[in-house]
Amino acid sequence: TAVAASTTSLGTRAPAALTLRVVAECSRSKARACELRLPHGTVATPVFMPVGTQGTMKGVTAAQLDNLGCRICLGNTYHLGMRPDSGGFQMVSLLALSEVTEEGVRFRSPYDGAEILLSPEKSVEIQNALGSDIMMQLDDVVSSTLTGSRVEEAMHRSIRWLDRCILANQRPDQQNLFAIIQGGLDPALRRKCLEEMTKRNVPGFAIGGLSGGESKEQFWKMVTLSTDQLPREKPRYLMGVGYATDLVVCVALGCDMFDCVFPTRTARFGSALVPTGNLQLKKKQFAKDFRPIDEACTCPTCQRHTRAFLHVLLHSNNTAALHHVTVHNIAYQLQLMNAIRTSIVEHRFPEFVQNFIKTMYGEVGHCPTWAVEALQSVGISLS
Amino acid sequence: MKLSLSRVVQGCRLGTLSNLGKKGDRCMEFPGCLLYTRTGSAPHLTHDTLQVISGVPAMTQLTLSSLAEHYEILEEYKEGIGKFIGMPESVFYCSLHDPVNPCPAGFVTNKSVSVWGVGGRLEMTVAKFMAIQQALQPDWLQCLSDGEALCADASSSKRAKKSVDRTLAFLDECLKLQEQSEVLRSCVMIGVIEGGDILEERLRSARETAKRPVGGFLLDGFHGDAMTKETRLRLISSVTAELPENKPRLICGIGQPDEVLECIEAGVDLFESFFPYQATERGCALTFSFDYEPNPEDMVLQQNGQKEGEENGEHIDKIITTKCVPETSFEINLKEKMYRDDFGPLVGGCSCYCCKNHSRAYVHHLLVTNELLAGVLLMMHNFQHYFGFFHAIREALRKDRLGQLKELIYRQAC
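Nothing here was measured: the structure is a model prediction, and the numbers come from that model.

**Looking at the UniProt feature "binding site: Zn(2+)" (unreviewed entry) in chain A**
Residues and elements named next belong to chain A. Feature annotation in UniProt assigns "binding site: Zn(2+)" (unreviewed entry) to the following positions: C297, C299, C302 and H328. The largest pairwise C-alpha distance within this set of annotated residues, which runs over 32 residues, is 8.2 Å, so the set is compact in three dimensions. Setting aside residues no more than four positions away along its own chain, C297 makes contact with C302, Q303, H328 and Q335. Its location among the elements puts H328 in helix 12 (residues 320-345).

**A few points about the UniProt feature "active site" (unreviewed entry) in chain A**
Residue and element names in this part refer to chain A. UniProt marks D85 and D259 with the feature "active site" (unreviewed entry), using the numbering shown here. Take D259: it is sitting in strand 12 (residues 257-260). There is a polar contact of 2.8 Å between the side chain of D259 and the side chain of Y237.

**Let's talk about the pattern of salt bridges**
Per the counting criterion, the structure on display carries 54 salt bridges over all chains. The closest approach of N and O atoms between R164 of chain A and E121 of chain A, which form a salt bridge, is 2.8 Å. One end of the pair, R164 of chain A, is in helix 5 (residues 149-168); the other, E121 of chain A, is in helix 4 (residues 120-130), with 43 residues separating them in the sequence. One salt bridge connects R7 of chain B with D400 of chain B, and the closest N-O pair in it is separated by 3.2 Å. Within this pair, whereas R7 of chain B is found in strand 1 (residues 2-9), its partner D400 of chain B is found in the loop between helix 15 (373-398) and helix 16 (402-412), the two being separated by 393 residues in sequence.

**Observations concerning the domain arrangement of chain B**
Residue and element names in this part refer to chain B. Structurally, chain B comprises domain 1 (30-272) and domain 2 (282-289 + 328-413). Taking the mean C-alpha position of each, domain 1 and domain 2 sit 28 Å from one another. Contacts between the two partners involve 28 residues from domain 1, matched on the other side by 22 residues from domain 2. Together domain 1 and domain 2 conceal approximately 2,100 Å² of surface at their shared face, both sides included; 78% is due to carbon and sulfur atoms. Here domain 1 is connected to domain 2 by 1 salt bridge. In this structure, K406 engages E265 in a salt bridge whose closest nitrogen and oxygen atoms are separated by 2.5 Å. Every element with two or more residues in the side of domain 1 that touches domain 2 is listed here: strand 4 (32-33), strand 5 (35-36) and helix 10 (257-265). A per-element tally of the side of domain 1 that touches domain 2 places helix 10 first, with 7 residues. Residue classes in the side of domain 1 that touches domain 2 are distributed as 17 nonpolar, 7 polar and 4 charged.

**Overview of the interface of chain B and chain A**
Listed per partner, the contact involves 36 residues of chain B and 36 residues of chain A. Of the roughly 3,200 Å² buried where chain B meets chain A, counting both sides, 61% is carbon and sulfur surface. Considering only the surface of chain B that becomes buried against chain A, F84, E371 and L372 of chain B emerge as the three largest contributors, covering 18% of it. At the junction of chain B and chain A, the tally comes to 3 salt bridges. As a salt-bridge pair, K58 of chain A and E371 of chain B come within 3.0 Å of each other at their nearest N and O atoms. A per-element tally of the side of chain B that touches chain A places helix 3 (residues 71-77) of chain B first, with 4 residues. Of the residues assigned to the side of chain B that touches chain A, the class counts are 18 nonpolar, 11 polar and 7 charged.

**Description of the nonpolar core**
The biggest cluster of nonpolar side chains holds 143 residues, and the ones touching the most others in it are F84 and F271 of chain B. Sort the elements by how many residues they give to this core and helix 15 of chain B lands first, with 15 residues. Of the domains in this structure, domain 1 (30-272) and domain 2 (282-289 + 328-413) of chain B are the two that each give at least three residues to this core. The residues contacting F84 of chain B, other than those within four sequence positions of it, are F290, T306, A308, F309 and V312 of chain A together with I73, L74 and Y77 of chain B. Residues F48, V142, V151 and F352 of chain A belong to the second largest nonpolar core, which totals 60 residues.

**Focus: the packing of aromatic side chains**
The final tally for this structure, using the stated rule, is 18 aromatic pairs over all chains. Ring geometry for F219 of chain A versus W370 of chain A: centroids 6.2 Å apart, planes at 75°, classification edge-to-face. Of the two residues, F219 of chain A is situated in helix 7 (residues 216-229) and W370 of chain A in helix 14 (residues 369-377); the sequence distance between them amounts to 151 residues. Its relative accessible area of 10% is what places W370 of chain A among the buried residues. Between F288 of chain B and F290 of chain B, the aromatic rings sit 6.0 Å apart at their centres with planes inclined by 65°, giving edge-to-face as the arrangement. For F288 of chain B, a relative accessible area of 1% corresponds to the buried category. Members of the aromatic cluster, connected to one another through ring pairs, are F271, F275, F288, F290, F330, Y386, F389 and F390 of chain B. The cationic tip of K216 of chain A hangs over the ring face of F219 of chain A; the distance from NZ or CZ to the ring centre is 5.7 Å. The residue whose ring lies beneath R202 of chain B is F222 of chain B, and the NZ or CZ to ring-centre distance is 3.9 Å.

**A few points about the sheet that holds strand 1 (residues 19-25) of chain A**
In any sheet, the strands associate via hydrogen bonds between backbone groups, in a parallel or an antiparallel arrangement. Residue and element names in this part refer to chain A. Here we have 3 strands laid out as an open sheet, ordered 1-2-3, and antiparallel in their pairing. Each edge of the sheet is formed by a strand with only one pairing partner; in this case those strands are strand 1 and strand 3 (41-45). Across the sheet, the mean angle separating the axes of adjacent strands is 15° when strand polarity is ignored. For strand 1 and strand 2 (residues 32-38), the ladder comprises 6 bridges, and the chain directions are antiparallel. Residue pairing across strands places L20 opposite L36, the latter belonging to strand 2.

**Regarding the sheet that holds strand 10 (residues 204-207) of chain A**
Residue and element names in this part refer to chain A. Strand order in the open sheet made by the 6 strands is 4-12-11-10-9-8, with parallel pairing throughout. Looking at strand neighbours, the two that pair on one side only are strand 4 (47-50) and strand 8 (134-136), the edges of this open sheet. Averaged over all pairs of adjacent strands, the angle between strand axes in this sheet comes to 30°, irrespective of strand direction. In the sheet, strand 4 pairs with strand 12 via 4 bridges, with the strands oriented parallel. Along strand 12, the bridge assignment pairs V47 with M257.

Cut-off values and rules
Think of each chain on its own: its residues are numbered from 1, step by step along the sequence as written. For this description, chains carry letters from A and ligands carry numbers from 1, given in the order in which they are written. Local features are withheld for residues below a pLDDT of 70 in this predicted model, meaning they are given only at 70 or higher, and side-chain atom pairs are given and counted only at 80 or more; totals for whole chains, interfaces and linings count all residues. Note that water and hydrogens are dropped before the side-chain values are worked out from all heavy atoms of the structure. UniProt positions are given in the numbering used here, feature names are shortened, and annotations may be inferred rather than shown by experiment. Contact definition: two residues touch when any of their heavy atoms are within 4.5 Å. The helix and strand labels rest on DSSP assignments: H or I over at least four residues marks a helix, E over at least two residues marks a strand, and numbering proceeds from the N terminus. Polar contact criterion, stated in full: a pair of N or O atoms within 3.5 Å, where within protein one must be able to donate a hydrogen and the other to accept it, and residues adjacent in sequence count only if both atoms are side-chain atoms. We define a salt bridge as a side-chain nitrogen of Lys or Arg found within 4 Å of a carboxyl oxygen belonging to Asp or Glu. In this document the domain limits rely on a domain assignment from an automatic tool or a database. A 1.4 Å probe defines the accessible area here, and the buried area is the portion of it lost by two parts on being joined, summed over both. Ten residue types, Ala, Val, Leu, Ile, Met, Phe, Trp, Tyr, Cys and Pro, are classed as nonpolar, four, Asp, Glu, Lys and Arg, as charged, and the remainder, Gly among them, as polar. Definition of nonpolar core: a set of buried residues of the types Ala, Val, Leu, Ile, Met, Phe, Trp, Tyr and Cys, connected through side-chain atoms within 4.5 Å. Burial classes follow relative accessibility: with a 1.4 Å probe on protein chains only, a residue under 20% of its type's maximum area counts as buried, one over 50% as exposed, and anything between as partly exposed. To pair, rings of Phe, Tyr and Trp, with the six-membered ring standing in for Trp, must have centres within 6.5 Å; the planes then decide the type, stacked if under 30 degrees apart, edge-to-face if over 60, and tilted in the middle. Put simply, a charge is over a ring when the Lys NZ or the Arg CZ is close to the ring centre, within 6 Å, and near the line of the ring normal, within 35 degrees. Should DSSP find at least two bridges between two strands, the strands are regarded as paired. Only the stretch in contact is used when fitting a helix axis, every axis being a line fitted to C-alpha atoms; angles between N-to-C directions are given from 0 to 180 degrees.

Dropping the structure here:
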């Protein structure tokens, strides 16, 4: 049954650029399989969104991505909209030179001292120009390992910035502004943030401020706390999560959408993702291994190439090597999410999780404790 | 392998090579080029992105320099290089060296030739060379040869003579070994014409090599600045005059469009396609026109493209990086600031993936941000453009329009 988005507690119905239909729910855990209808198409969740920061999925063309079944991916506002004219100046380096004020994030160019202000309004303006189906609020995000009053300040400011972003959005009928829940690793702050942000009329929520240097134990507790307080009928996007185990666990904890640079980045180092972990293809052990990366994988790389050939190519300076592994790793992530989703729809998600863990870790005893506990907390036992 | 010559126009041969490949079912038109690869793969391209390019040649060039060091792996693999690299459908020519990365000179002896791979220098005697080829199993292979006649500062006729003597000796030894191997007997040996810039030696090399049971000829040592253009073309013509009509003539190291045409006129049939790769590496898109019969609309489009370039060329480059100058007049440098907001395709009317889906501005952005996709898209365009050029040459020969094509190309040469 279709669920129209954006009926708020304030009683007003906002224009909907997003519809979430819950197709199936796990009877034990908080996992759900949904259909997310967006202006440019429909996306099945749970979904992994590959990251194409600068408007490109590294060496993979849009056509290749499409052929892999990828229906949604990420671009970065700041990289695409804020690149200063002094060429060669990478945006990432600007963060070290940034200053957060109530106005926004202020960057100062080390080349000519010019200042750029990224305010909530500016951020939304850029995203409106980019025309993405989903846009993110500008949040005041601090490192997850930080403690003290700065965390609380950032949480409250993020709420204020959310409101400013909502006001600034010129295209709510075509673009969906997501809130980003902050609060660091403090349950009280998280809850406060959830309480406030869920009062706002946004079509979706992201769980932010995690996937930094925090321990996995703290991490999963914040995730599950967040999904407990987020509405059922709106998508939950957990930012920065991409390792296979983390994906499986966080689906169990109720998350629908994920993004991470890991699969594509690790590919460029010659690391191929497989159900048992990863293969460092540049290593000597693969020199005469004439099997594909994964016999069960349907991606173009595995259909045509062997580990031995990729090993040779990775030791050359032909960038095609990187693209082969990138294609495979994206396919791996998408196939994983697909398998997760199918198991939810077929009411066998807990069994899927058990098999996944066994394949990845050999025995339950080798599965990291945090994952065991997180799964336990939602009724999935591994023994 | 069969060569059918359909016509010869002003020295240019037009024809088809058929019965190519292990199954003898592939064919290739000439004048033409081979697909350039690096370590067994088209640069930047996977099978999917290579597939999308129009006019990919039936024959692929592999370089021994990039593959020789892996021959133990290939020996164990047993199924040959084509299958190993994931191109089982292609026909392969294995050259000794990579036209883009010249080897250090001074390592050729009477007994061996060296190539440089990732792991360093690999010295090959005839026996080793043929053992490697046995593992690779290419369809055509460049015989072991001494290509260093002009490497020293002063060209000497002694060195030229040596290059011919050595190369013929290598050829005879390789042919002997080929006879003894069932696998190698199905490969075509390409004899190499050496002799530096000494006419006598070139003629001797051509005549002697032609006496041997080779399947084709490689004209080596005509690239670079070692001789003047006039000398080069004179020598090439003299050489091809000595060669049988029914066997293909390849040349290495020649890629620029004007030079390609000149060599075709001098009797060469097949070229490499490293030139589009070099353009890609400098962030350039091949834009030279080979449309010698443009329709009036296209003329306007092309003129507009040029006009914009002229206007913005005056801008002082504010980018702090060094100003990039295109290597040749056959291309544009997408790093230049003028392309930042140019939303047209790389080349108006081009049907390649990049031109159909993306703009100059996007490729500029990719280059400025050092993104891998820049190389992918530029390689797709540059290969398609270059293959299109060879198609146009064949068409011009078929329709007797060579003069118009020549005039168009030479007009664009600087």
